[in-house]
Amino acid sequence: MLATHKDAEQRYSKIRGQVLQIVNKDFKDDGLHNLEATVINQFALNECSKWGLSDRRRVKWDWVVGYPDFKFSYPKRFEMALWHKGKLVSLSLGRPTYNGLSLRLDFVEGNPERASDVKVFQATFAAMVIYADSIGAKSLRIMNPVNAQVRKYYESFGLNYVAKGDYLEFKL
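Conventions adopted
- Residues numbered from 1 in each chain as written.
- Predicted model: local features only at pLDDT ≥ 70, side-chain atom pairs only at ≥ 80, totals over all residues.
- Heavy atoms only, no water.
- Helix = DSSP H or I, 4+ residues; strand = E, 2+ residues; numbered from the N terminus.
- Polar contact = N/O pair within 3.5 Å; in protein donor to acceptor, adjacent residues only side chain to side chain.
- Contact = heavy atoms within 4.5 Å.
- Expected span 1.5 Å × (residues − 1).
- Buried < 20%, exposed > 50% of the residue type's maximum accessible area, 1.4 Å probe, protein only.
- Pairing = 2+ DSSP bridges.
- Axes fitted to C-alpha atoms, helices over the stretch in contact; angles between N-to-C directions.
- 1 Å grid on protein atoms, 1.4 Å probe; cavity = no way out; pocket = protein on both sides within 12 Å on 5 of 7 lines; lining within 4 Å.
- Points joined across faces, edges and corners; volume = space filled by probe spheres on them.
- Nonpolar A, V, L, I, M, F, W, Y, C, P; charged D, E, K, R; others polar.

1. Comments concerning the side chain of glutamate 79
- By the element assignment, glutamate 79 lies in strand S2 (residues 78–84).
- Polar side-chain contacts of glutamate 79 include one of 2.9 Å to the side chain of tyrosine 67.
- Only 2.5 Å separates the side chain of glutamate 79 from the side chain of arginine 77, close enough to count as a polar contact.
- For glutamate 79, the residues in contact, after removing those within four places along its chain, are Arg16, Thr38, Val39, Ile40, Tyr67, Ser92 and Leu93.

2. Considerations on helix H4 (residues 120–135)
- Compared with an ideal rise of 1.5 Å per residue, which puts 16 residues at 22 Å, H4 spans 23 Å between its outermost C-alpha atoms and is within 8% of the ideal.
- Along H4, the positions that sit buried rather than exposed are Val120, Phe121, Ala123, Thr124, Phe125, Ala127, Met128, Ile130, Tyr131 and Ala132.

3. Considerations on the sheet that holds S2
- Pairing within the open sheet is mixed, and its 7 strands lie in the order S1-S2-S3-S4-S5-S7-S6. Two strands in the sheet have a free side with no partner beyond their single neighbour: strand S1 (35–38) and strand S6 (160–162). Pairs of neighbouring strands in the sheet enclose a mean axial angle of 30°, with direction left out of account.
- Pairing analysis gives 5 bridges linking strand S5 (residues 139–143) to strand S7 (residues 167–171), with the strands arranged antiparallel. Across the sheet, residue methionine 143 finds its bridge partner in S7, namely tyrosine 167.
- Running over the sheet, helix H3 (residues 63–73) touches S2, strand S3 (87–96) and strand S4 (102–110) and is turned about 35° from S3.
- Packed on one face of the sheet, helix H5 (residues 148–155) meets S4, S5, S6 and S7 and runs near 0° to S7.

4. A few points about the layout of surface pockets
- Of the voids in this model, the largest pocket is the one considered here, and its volume is about 1000 Å³.
- Lining the largest pocket are 30 residues, with Arg58, Val108, Gly110, Val150 and Tyr154 positioned closest to its centre.
- Where the lining of the largest pocket is concerned, the elements lending two or more residues are S4, H4, S5 and H5.
- Its residues placed into classes, the lining of the largest pocket shows 19 nonpolar, 4 polar and 7 charged.
- What the second largest pocket holds in volume is close to 200 Å³.
- Around the second largest pocket, the lining residues are Tyr12, Ser73, Tyr74, Pro75, Lys76, Arg95, Pro96, Thr97, Tyr98, Gly100 and Ile135.
- Tallied by class, residues from the lining of the second largest pocket come to 6 nonpolar, 3 polar and 2 charged.

Structure (structure tokens):
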């Protein structure tokens with residue numbers, strides 16, 4: 001790992017930690033004491049590996065294999081593991097665009113066996129806004145919505161679909 005890459009990883013790791021502290025404080029302030037946001041760690045990856053056994057899973061991205069590569073490639077990444085009552089309910093992963101003006105969400109997945117426990121996108125969206133603000137991004141992008149129903153759900157949060165790039169965007 002080059003020194004500049006290592007420096008970026010350390011600098012953005014600190015930002016991610018600060019963002020998650022804010023998110024967790026917001027959960028508590030909003031009375032959501034059963035929610036906790038963390039970075040994606042080995043424990044979270046071990047827990048999500050069980051998701052592959054579910055027939056309710058919509059997208060079969062392999063977090064255990066894909067996350068380490070994504071982590072290494074994008075030191076400025078956004079990441080979050082969301083826990084409800086100590087159980088993993090979602091993972092999300094994204095990165096700033098190359099010009100740094102947008103924060104994109106490349107992967108978000110809820111635990112298929114706990115789909116009704118928590119509305120995971122609301123927490124993810126809130127965390128993304130805080131992270132985007134921390135890095136100077138001016139918009140959020142949700143990349144490649146899985147289907148029209150999911151796209152419509154994201155649009156209910158005020159995101160606008162951009163067909164040319166197959167993403168939804170929210171201006172901050």
